[in-house]
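One-letter residues, chain by chain:
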Amino acid sequence: MSRNITRQKGEMVTFMLNGAQVQADPNWSLLEAAKFYGLYIPTLCYDEGLTPYGVCRLCVMEVGSGDRTKLVASCMHPVIEGLEVRTHSNRVIKTRKMILELLIARCPGSKKLQDMASMLELKEVRFKPLNDDCILCGLCVRMCEEQMMAKAIGYAGRGTDRYITTPFDMTSEECRKCGACMYICPACELRCQGPEAKTTLCSGCLNTEAVCAAKYDDAMCFMVPCLSCVKRPEDVK
Amino acid sequence: MKLKSIEELEDLRSGIIAKKDPNKTCIAVCGGPGCLARQCLEVRDAFVNEISAKGLADRVDIRTTGCHGFCESGPIALIFPQGIFYQKLGVKDAAEIVEETIMNDRIVDRLLYIDTGTGRRVKKEEDVPFYKKQMRLILRNNSRIDPHNLEDYLAIGGYSALAKVLDGMKPSQVIDEVKKSGLRGRGGGGFPTGRKWESTRDAIGDIKYVICNADEGDPGAFMDRSILEGNPHSVLEGMIIGAYAIGSNEGYVYVRNEYPLALKNVTIAIKQAREAGLLGENILGSEFSFDVKVNRGGGAFVCGESTALMASLEGKPGEPRAKYIHTSEKGLWDRPSNLNNVETWANVPLIINKSPEWYSAIGTGSSKGTKVFSLVGKINNTGLVEVPMGISLREIIYDIGGGIPGGKAFKAVQTGGPSGGCIPESLIDMPVDYEQLTKVGSMMGSGGMIVMDEDTCMVDLARYFTNFLQEESCGKCAPCREGLLRMGEILTDITEGRGRMEDLSLIEDLSGVLKDASLCGLGTTAANPVISTMRYFRDEYVAHIRDHKCPAGVCRELIIYGIDEESCTGCGRCLKNCPSGAIEGEKKQPHVLDTAKCIKCGICYDVCKFDAVRKG
């Protein structure tokens, strides 16, 4: 494989990004390269300061050519000489929307997910909302371990029973209550409670000035108006 | 005794063979898991007692072997040298066999297998239809050796492939032989074994590992288990040869703790091989050193996936990781690692001994050799079968498997374990190989083969396997964890009469995403049972959703019981047995079933002797 070729220090890799020939640092992932070239790639489990984990699968890209193409998690996949990469093919967009639909059905209360739904033009959630508060992206676990050097939290359970907790579900002495886990959590920030907050997708309040801004006044002033607020009600089922 | 050279091994072997009298009577009692469950050890003890009571102890050997494959007929005993096949033995039969066959050379007719086709009794194993069409290269020796006895394995030519390899073959030559043979991984993926070895050999690193994957976790599958239990040395020999070719000095057998016998037998085999100088420093006096450790798995299905298995070996939670950098480059502890499954390893000595040309002559264009399947479900001859690649499903199910019990109609067969697809009757004549199975929406997998008859509801089946996979998913990546949860919800809705037609396209969308975006093989193949049943049995899905009917009469919520006035004789059996008092009626008058009280347990349907209870 081409990545086994020994290259000179500082030498770049050339590959095809959405039909354009581009160069990238050989140590970059596809996601880093795409971001470098200014493309918006939705991610929920990626953070520049943490080891990529590759679990939300929202950053998928289609690689390969002809009928030999596949989707890869771009945060984990290295840039490879000559690789053909498409960041927004139909297959990619369809996949991203379905994954987001699944995640938003689990955590409809997350502002970050609701904003992303607007960005990706997700207009319908066909699953029963679970009103959970965790999408198991693992950012907090890595934050705690890699940046805070605490390793106070980890995963427990398997499959749909998987959850994040302290060892043996007890208050951990390792935890310094630094709050970094909450800081990095994409699901912690609550969505704007628009006029029909019961729906799984933010229902859109037609105002660019969010209705909630008046309702909560100063209490919620940190909240940037939801992207979904520019949606028209008929856009949401 | 430690063997210090190839000559010493051959001397030992000829010594063993010379000591053995080929005409000495031997009773080989199957000690495989199927027979164990039917008290085969008691049968063996009965033989031992009987033989010593008759004073025949020095004239007759009694051997407890691994699985013979024909589990339906267990416990099984083979009488050598005649090769008489006795089946369905009980403790009481031992005395008669010793008296008649061993002492007076007469056959005990009632213990022979009856050929269901001809109605005749069959005397020898090879004439039993179940064995006739098989090609038992891997499994054959199971009935001929005691897995706890290294001498038995040496007597049938064991470790001669290793001797051949160490006697002047270069590692690259070994890899070439395996490549030429066309052997592909038997664990599921079907990756060419030789190429895998080569890339591990070529990978940069001083320390390399070879790993044997014995974490077989499919419901109804026991191929690897039986090989490891019945002939552990053949797996070890394959691993030693592989390690030599790859340049590895350290190996692991990852076996699940739920397989106590496999664990015990492979541990004994390793100890014996180490004592004989077949493992350890300077194997058979050569420069090559290699040792194997056994690691017990905790029984997670996902740990059969290579990267999850390696994570588990490292002591971490058994979760897979992205394989964009292959395990042959960065595997166990980030070192080049070669993982093959039990059956793949067991094939290696055969290829070295008999030549790659001989091996590649068996099978089809791209699938070579034989494959072991565990044939289970609605089939007459449940058991382990080993067939050449390219044999048709019909031959496996009807000629070897003896067809469907109770005269029912064949409906589908699921190959490849829980994430395989269901193949309908219209495709039953297709040849079994890697490509064909993938083409029809299933896969080779590790070799599970579940046969289903007309009484199986395909929607319910898809729901069952989806739930199994949902429970066994590690939960790391979003599509697999959330997708399987929702898939299970939708399928449960359909089987309970709450399905909507638009659910079908939602299932298709979900399946596509699972297949495309999941992290590991578990997720990417998890939709196979659903996709394949929707492809071949779409009418059943529609019947559930639109007509609220389960055509196979399995989905309880959709069944309505009733009593046919004309056939009911008023015998009162159903009335007496009904646990919810839903049936009323005078004696000798047609009874009436109150559907409001009915809990749909089906007892009335089962107990009625006049077929008067209707299911609809």
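Our subject is the structure that appears above.
Quick word on the overall build of chain A
Reasoning step 1: Assigned secondary structure in chain A consists of six helices and seven strands.
Reasoning step 2: In chain A, the succession of α and β elements from N to C terminus is β-β-α-β-β-β-α-α-α-β-β-α-α.
Reasoning step 3: Relative to its 237 residues, chain A shows a buried fraction of 46%.
Reasoning step 4: Looking at chain A alone, contacts between residues at least 24 apart form 59% of all its contacts between residues at least 6 apart.
Reasoning step 5: As presented, chain A carries roughly 12700 Å² of accessible surface, and 53% of it is formed by carbon and sulfur atoms.

Some details on the interface of chain B and chain A
Reasoning step 1: Counting residues at the interface gives 33 residues for chain B and 34 residues for chain A.
Reasoning step 2: Of the roughly 3000 Å² buried between chain B and chain A, counting both surfaces, carbon and sulfur atoms make up 55%.
Reasoning step 3: Contact with chain A buries area across many residues of chain B, yet B:Y324, B:R486 and B:D516 alone supply 25% of it, more than any other trio.
Reasoning step 4: Linking chain B with chain A are seven salt bridges.
Reasoning step 5: Our count for the chain B to chain A interface comes out at 15 residue pairs in polar contact (both at pLDDT 80 or more).
Reasoning step 6: Broken down by element, the side of chain B that touches chain A gets its largest block of residues, ten residues, from helix α19 (residues 478-495) of chain B.
Reasoning step 7: Residues of the side of chain B that touches chain A, tallied by class, amount to 15 nonpolar, six polar and twelve charged.

Examining the side chain of A:S172
Residues and elements named next belong to chain A.
Reasoning step 1: Structurally, the position occupied by S172 is in the loop between β7 (163-165) and α5 (180-184).
Reasoning step 2: Polar contacts involving the side chain of S172 include one to the main-chain amide nitrogen of E174, which spans 3.0 Å.
Reasoning step 3: Setting aside chain neighbours within four positions, we find S172 in contact with A152, T166 and P167.

Notes on a negative patch on the surface
Reasoning step 1: Together, B:E7, B:E8, B:D11 and B:D167 make up a negatively charged patch on the protein surface.
Reasoning step 2: Following the sequence through the fold, B:D167 ends up in the loop between α7 (160-166) and α8 (171-181).

Details of the pairing of strand β4 (residues 68-73) of chain A
Residue and element names in this part refer to chain A.
Reasoning step 1: Where strand β3 (residues 60-65) lies against β4, six bridges are found, and the strand directions are antiparallel. Bridged to E62 within β4 is L71.
Reasoning step 2: Between β3 and the antiparallel strand that follows it, β4, lie two residues; G66 among them carries a positive phi value of about 60°.

What about the packing of aromatic side chains?
Residues and elements named next belong to chain B.
Reasoning step 1: Counted by the stated rule, this structure contains 20 aromatic pairs over all chains.
Reasoning step 2: Through successive ring pairs, a cluster of aromatic residues spans F70, F85, Y113, F130 and Y131.
Reasoning step 3: Here R184 stacks its cationic end above the ring of Y434, 4.2 Å away from the centre of that ring.
Reasoning step 4: For K371, the ring lying beneath its charged end belongs to F373, and the centroid distance is 5.7 Å.

Quick look at the sheet that holds strand β4 (residues 84-86) of chain B
All names here are of chain B.
Reasoning step 1: Pairing is mixed across the open sheet formed by four strands, whose spatial order is β2-β1-β3-β4. Looking at which strands have only one partner, the edges of the open sheet turn out to be β2 (60-65) and β4. Ignoring strand direction, the axes of neighbouring strands in this sheet form an average angle of 20°.
Reasoning step 2: Looking at chain direction, strand β1 (residues 25-30) and strand β3 (residues 77-80) are connected through four bridges and run antiparallel. Along β3, the bridge assignment pairs V29 with A77.

Some points on the environment of B:S248
Residue and element names in this part refer to chain B.
Reasoning step 1: Its place among the elements puts S248 in the loop between α11 (232-246) and β8 (250-256).
Reasoning step 2: S248 gets classed as buried once you look at its relative accessible area, which sits at 0%.
Reasoning step 3: As a C-alpha pair, S248 and M458 span 210 residues in sequence and 47 Å in three-dimensional space.
Reasoning step 4: The contact partners of S248, leaving out residues within four places of it in the chain, are K208, Y209, V210, A243, F288, S289 and F290.
Reasoning step 5: At 2.9 Å, the side chain of S248 forms a polar contact with the backbone oxygen of K208.

With respect to the side chain of B:D453
All names here are of chain B.
Reasoning step 1: Inspection of the secondary structure puts D453 in strand β15 (residues 448-453).
Reasoning step 2: In terms of polar contacts, D453 uses its side chain to reach the side chain of K378, at 3.3 Å.
Reasoning step 3: Sequence-distant contacts of D453, that is, excluding residues within four places in its chain, are made with K378, I404, K408, A409 and K411.

A short note on the sheet that holds strand β5 (residues 84-86) of chain A
Residues and elements named next belong to chain A.
Reasoning step 1: With mixed pairing, five strands are arranged side by side in an open sheet as β2-β1-β5-β3-β4. Two strands close off the open sheet at either side, each with one partner strand: β2 (20-24) and β4. Across the sheet, the mean angle from the axis of one strand to that of its neighbour is 35°, orientation sign disregarded.
Reasoning step 2: Running over the sheet, helix α2 (residues 90-106) touches β3, β4 and β5 and is turned about 155° from β3.

Describing the packing of helix α3 (residues 40-53) of chain B against helix α4 (residues 93-104) of chain B
Residue and element names in this part refer to chain B.
Reasoning step 1: Closest axis-to-axis distance for the α3/α4 pair is 8 Å, and the angle between their directions is 45°. Compared by their axis directions, α3 and α4 come out oblique. Here α3 and α4 pass one another in a crossing that is right-handed. Contacts between α3 and α4 involve V43, A46, F47, E50 and I51 from the first element and A94, A95, I97 and V98 from the second.
Reasoning step 2: Across the contact of α3 with α4, the residue classes tally to eight nonpolar, no polar and one charged.

Observations regarding a positive patch on the surface
Residue and element names in this part refer to chain B.
Reasoning step 1: A contiguous patch of positive charge on the surface is contributed by R573, K576, K587, K588 and K609.
Reasoning step 2: Along the chain, K609 falls in the loop between α25 (603-607) and β19 (613-615).
Reasoning step 3: K609 gets classed as exposed once you look at its relative accessible area, which sits at 61%.

Cut-offs applied
- Residues numbered from 1 in each chain as written.
- Chains lettered and ligands numbered in written order.
- Predicted model: local features only at pLDDT ≥ 70, side-chain atom pairs only at ≥ 80, totals over all residues.
- Heavy atoms only, no water.
- Helix = DSSP H or I, 4+ residues; strand = E, 2+ residues; numbered from the N terminus.
- Buried < 20%, exposed > 50% of the residue type's maximum accessible area, 1.4 Å probe, protein only.
- Contact = heavy atoms within 4.5 Å.
- Areas by Shrake-Rupley, 256 points an atom, 1.4 Å probe, with all protein chains shown as cover.
- Buried area = accessible area lost by both parts, 1.4 Å probe.
- Salt bridge = Lys/Arg side-chain N within 4 Å of Asp/Glu carboxyl O.
- Polar contact = N/O pair within 3.5 Å; in protein donor to acceptor, adjacent residues only side chain to side chain.
- Nonpolar A, V, L, I, M, F, W, Y, C, P; charged D, E, K, R; others polar.
- Patch = residues over 30% accessible without salt bridge, like charges linked within 9 Å, V, L, I, M, F, W, Y side chains within 5 Å.
- Lys, Arg positive; Asp, Glu negative; His and termini not counted.
- Charge placed at Lys NZ, Arg CZ, Asp CG, Glu CD.
- Pairing = 2+ DSSP bridges.
- Phe/Tyr/Trp six-rings, centres within 6.5 Å; stacked < 30°, edge-to-face > 60°.
- Lys NZ or Arg CZ within 6 Å of the ring centre and 35° of its normal.
- Axes fitted to C-alpha atoms, helices over the stretch in contact; angles between N-to-C directions.
- Parallel < 35°, antiparallel > 145°, perpendicular 65-115°, else oblique.
- Left-handed = near helix turned anticlockwise from the far one by under 90°.

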